[in-house]
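Spelled out from the first residue to the last, the chains are:
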Amino acid sequence: MNSLDRSLYESVNRFARNTSFAHGFMSAYAVYGGLVILGLLGFWAFLRARKVGALQSARVVWVGAATLIALGLNQPIIHFFGRPRPYNSIPGMEVLIARANDFSFPSDHGTVAGAMIVGLLLVDRKVGIFAAVFGLFLGFARVYVGAHYPGDIVAGLIWAGLFVAVTLPLATKLLSRPAEYLLHTGFAPVISSGGRRAI
């Protein structure tokens with residue numbers, strides 16, 4: 001697996017060397033652009049959820065919360081595996097962003113992307129499809145700029161996606177009563193465009 005991971009990384013790195021015209025865009029997207037887009041897609045899903053009802057809004061909020069929880073949980077996982085960044089293990093690689101001093105596996109960006117992709121697909125398929133496109137491209141961009149092996153991205157996508165998929169049903173049950181309560185408070189217009197309607 002490590003040899004395949006390294007081979008794929010080196011292939012993408014060679015592609016990056018030959019596409020210098022894209023370096024600026026890919027670097028910006030890999031560092032913050034992709035995360036911003038995923039965040040905006042989450043906000044779009046929330047706006048769409050308000051038209052459905054309070055519980056749907058709460059489910060979208062949980063997707064965002066679960067993404068942050070997954071990102072926090074990823075830190076001890078990263079240190080447990082302790083996999084060095086590829087540019088620290090393979091000499092002469094093209095690296096387009098600032099070199100980090102932390103470990104590589106699973107990718108934080110891949111974790112965020114996996115949680116948002118699966119979560120949004122489960123709560124709003126239309127928005128989720130956009131999240132899948134931009135999230136997977138974020139994963140590619142992280143390899144393109146030299147920051148991660150492909151396996152780092154795949155691991156983050158899978159484990160965070162599973163985390164959201166497993167916790168969302170439980171969160172839906174737990175959030176149903178608070179969502180109903182909020183419909184009878186001043187927060188009703190925030191979580192439901194129908195105001196004080198049933199969830």
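On a predicted model such as this, the values are computed, not experimentally measured, just so you know. Chains are numbered independently. Their residues run from 1 in the order of the written sequence. Per-residue local features of the predicted model are confined to residues with pLDDT of at least 70, and side-chain atom pairs are confined, for both listing and counting, to 80 or more; whole-chain, interface and lining totals are unaffected and use all residues. Computation of side-chain values: all heavy atoms of the structure, hydrogens and water removed.

Caption draft 1: Looking closely at the overall build of the chain. In this description a helix means any DSSP run of H or I spanning at least four residues, a strand means any run of E spanning at least two, and both kinds are numbered starting from the N terminus. Regarding its fold elements, the chain presents eight helices and zero strands. Listing every helix and strand of the chain by position from the N terminus yields α-α-α-α-α-α-α-α. For every residue, the accessible area (1.4 Å probe, protein chains only) is compared with the maximum for its type, and the residue is labelled buried under 20%, exposed over 50%, or partly exposed between those bounds. The 199 residues of the chain split such that 50% are buried. The contact criterion used is simple: two residues touch if any of their non-hydrogen atoms lie within 4.5 Å. Taking the intrachain contacts of the chain between residues at least 6 apart in sequence as the baseline, contacts between residues at least 24 apart amount to 78%.

Caption draft 2: The packing of helix 2 (residues 23-50) against helix 5 (residues 108-123), seen in detail. Only the contacting stretch of a helix is used when fitting its axis, a line to C-alpha atoms as for every element, and angles between N-to-C directions run 0 to 180 degrees. Following both chains from N to C, one finds helix 2 and helix 5 inclined at 20°, their axes separated by 11 Å at the closest point. Between helix 2 and helix 5, the angle is such that the two are roughly parallel. The handedness of the crossing between helix 2 and helix 5 comes out as left-handed. On helix 5, the residues touching Ala30, Val31, Leu35, Leu38, Leu41, Gly42 and Ala45 of helix 2 are His109, Val112, Ala113, Met116 and Leu120. Under this grouping Gly is polar, as are all residues other than the nonpolar Ala, Val, Leu, Ile, Met, Phe, Trp, Tyr, Cys and Pro and the charged Asp, Glu, Lys and Arg. Residues of the contact of helix 2 with helix 5, tallied by class, amount to 10 nonpolar, two polar and no charged. To sort the angles, those under 35 degrees are grouped as roughly parallel, those over 145 as roughly antiparallel, those from 65 to 115 as roughly perpendicular, and the leftovers as oblique. It is the rotation of the near helix from the far one that decides the hand of a crossing: anticlockwise by less than a right angle makes it left-handed, clockwise makes it right-handed.

Caption draft 3: Up close: the nonpolar core. Ranked by internal contacts, the top residues of the largest apolar core, which has 47 residues, are Tyr9, Leu38, Leu120, Tyr144 and Val145. When contributions to this core are tallied by element, the ones reaching two or more residues are helix 1 (2-17), helix 2, helix 3 (54-81), helix 5, helix 6 (125-144) and helix 7 (150-182). Not counting chain neighbours up to four residues away, the residues in contact with Leu120 comprise Leu41, Gly42, Ala45, Val63, Arg125, Val127, Gly128 and Ala131. Nonpolar core, defined: a set of buried Ala, Val, Leu, Ile, Met, Phe, Trp, Tyr and Cys residues in which side-chain atoms within 4.5 Å join the residues together.

Caption draft 4: How the structure looks around the packing of aromatic side chains. When two rings of Phe, Tyr or Trp (its six-membered ring) have centres within 6.5 Å they constitute a pair, described as stacked for plane angles under 30 degrees, edge-to-face for angles over 60, and tilted for the intermediate range. Enumeration over the complete set of coordinates arrives at 11 aromatic pairs. Through a chain of ring-to-ring contacts, three or more aromatic side chains come together here, namely Phe15, Phe25, Tyr29, Phe137, Phe140 and Tyr144. Look at NZ for Lys and CZ for Arg. If either is within 6 Å of the ring centre and within 35 degrees of the ring normal, a charge sits over the ring. Across from the ring centre of Trp44, 5.7 Å away, lies the NZ or CZ of Arg48, which sits over that ring.

Caption draft 5: Local environment of helix 5. Take the number of residues in a helix, subtract one, and multiply by 1.5 Å to get its expected span. Spanning 16 residues, helix 5 covers 23 Å between terminal C-alpha atoms, matching the ideal 22 Å at 1.5 Å per step. Of all 16 residues that make up helix 5, 12 are buried, and the element is covered over most of its length. Inspection of helix 5 places His109, Gly110, Thr111, Val112, Ala113, Gly114, Ala115, Met116, Ile117, Gly119, Leu120 and Val123 among the buried residues, and these make up the whole buried set. For the purposes of these results, a polar contact is taken to be a pair of N or O atoms within 3.5 Å, where, inside protein, one atom must be able to donate a hydrogen and its partner to accept one; residues adjacent in sequence count only when each atom of the pair is a side-chain atom. In this structure Ser107 caps helix 5, since a side-chain oxygen of it lies 3.2 Å from the backbone nitrogen of His109.

Caption draft 6: Structural context of the side chain of Arg59. With respect to the helices, strands and loops of the structure, Arg59 is situated in helix 3. Within the structure, the side chain of Arg59 is placed 3.1 Å from the side chain of Thr172, a separation counted as a polar contact. Apart from the residues within four sequence positions on either side, Arg59 is in contact with Leu122, Val123, Leu168 and Thr172.

Caption draft 7: Summary view of the side chain of Gln56. Position of Gln56 relative to the elements: it lies in helix 3. Setting aside anything within four residues of it in sequence, one finds Gln56 in contact with Ala49 and Val123.

Caption draft 8: Here's a closer look at the pattern of salt bridges. One side-chain nitrogen of Lys or Arg within 4 Å of one carboxyl oxygen of Asp or Glu is enough to make a salt bridge. Considering all chains together, one arrives at six salt bridges under this definition. Here Asp152 makes a salt bridge to Arg83, at a shortest N to O gap of 2.8 Å. With Asp152 in helix 7 and Arg83 in the loop between helix 3 and helix 4 (86-89), this pair connects stretches of sequence that are 69 residues apart. Take Asp152 and Arg83: they sit in the same class, and that class is buried. In this structure, Asp102 engages Arg85 in a salt bridge whose closest nitrogen and oxygen atoms are separated by 2.7 Å. Of this pair, Asp102 sits in the loop between helix 4 and helix 5 while Arg85 is found in the loop between helix 3 and helix 4, placing the two residues 17 residues apart along the sequence.

Caption draft 9: Main features of the confidence of the model for the chain. Residues with a pLDDT of 70 or more make up 89% of the chain, whose mean pLDDT is 89. Within a predicted model, pLDDT stands for the predictor's per-residue confidence, ranging from 0 to 100. The least confident element of the chain, judged by mean pLDDT, is helix 8 (residues 188-191) at 60; the most confident is helix 6 at 97. Residue range residues 195-199 is modelled with pLDDT below 50. Its contacts to residues more than four positions away, or to other chains, number 17 contacts.

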